[in-house]
Amino acid sequence: MRLLTVIIIGLVLVLQYRIWFGQQGMQDFRELQSDVARQQAANESLEQRNQLIAADIDDLRNALEAVEERARNELGLVRPEETFFRLISIEEQEPDA
């Protein structure tokens, strides 16, 4: 009976060692948990970015004001009846030689 008890205790100790310190044990489990948490945070930020892009796409498809705003800001377009004025700050002007 004592031999069986010693064998069972030894088996439990060996299995516990593998769980806590062995390959695919608790250390690997903790590393995988931190990887999953990092990936979830990255996914959330990408999801927010995708929502903003989807809102921009929806605006461009449905609202002519958004298209006009983009054309004015990014391409510098003006309407035929408008006059374009460019204001230059003092820091941007070249010094007279």
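Keep in mind that what you see is a predicted model, and the values were worked out from it rather than measured. (Residues numbered from 1 in each chain as written. Predicted model: local features only at pLDDT ≥ 70, side-chain atom pairs only at ≥ 80, totals over all residues. Heavy atoms only, no water.)

> With reference to specific residues and values, describe the packing of helix α2 (residues 26-62) against helix α3 (residues 64-75).
The contact between α2 and α3 brings their axes to 5 Å, and the two run at 105°. Put simply, α2 runs roughly perpendicular to α3. Facing α2, whose interface residues are Asp56, Asp59, Leu60 and Asn62, α3 presents Leu64, Ala66, Val67 and Arg70. Looking at side-chain class alone, the contact of α2 with α3 contains four nonpolar, one polar and three charged residues. (Axes fitted to C-alpha atoms, helices over the stretch in contact; angles between N-to-C directions. Helix = DSSP H or I, 4+ residues; strand = E, 2+ residues; numbered from the N terminus. Parallel < 35°, antiparallel > 145°, perpendicular 65-115°, else oblique. Contact = heavy atoms within 4.5 Å. Nonpolar A, V, L, I, M, F, W, Y, C, P; charged D, E, K, R; others polar.)

> Any details on the environment of Thr83? Residues and values, ideally.
Structurally, Thr83 can be placed in the segment after α3. On the basis of relative accessible area, Thr83 is assigned to the exposed category, the value being 58%. Separated by 51 residues in sequence, Thr83 and Leu32 have C-alpha atoms that sit 61 Å apart. (Buried < 20%, exposed > 50% of the residue type's maximum accessible area, 1.4 Å probe, protein only.)

> Describe a nonpolar patch on the surface, naming the residues involved and giving the relevant values.
Together, Met1, Leu4, Ile8 and Val12 give the surface a local cluster of nonpolar side chains, amounting to about 450 Å² of exposed area. Its place among the elements puts Val12 in helix α1 (residues 2-21). (Patch = residues over 30% accessible without salt bridge, like charges linked within 9 Å, V, L, I, M, F, W, Y side chains within 5 Å. Areas by Shrake-Rupley, 256 points an atom, 1.4 Å probe, with all protein chains shown as cover. Salt bridge = Lys/Arg side-chain N within 4 Å of Asp/Glu carboxyl O.)

> Residues and numbers for the pattern of salt bridges, please.
Counted under the stated rule, the structure contains six salt bridges. Between Arg72 and Glu68 there is a salt bridge whose closest N-O contact spans 3.1 Å. Taken together, the residues Arg72 and Glu68, both in helix α3 and four residues apart, mark about one turn of the helix. The class for Arg72 is partly exposed, based on a relative accessible area of 31%. You can call Glu68 partly exposed: its relative accessible area is 30%. Between Arg72 and Glu82 there is a salt bridge, and its shortest N-O distance comes to 2.8 Å.

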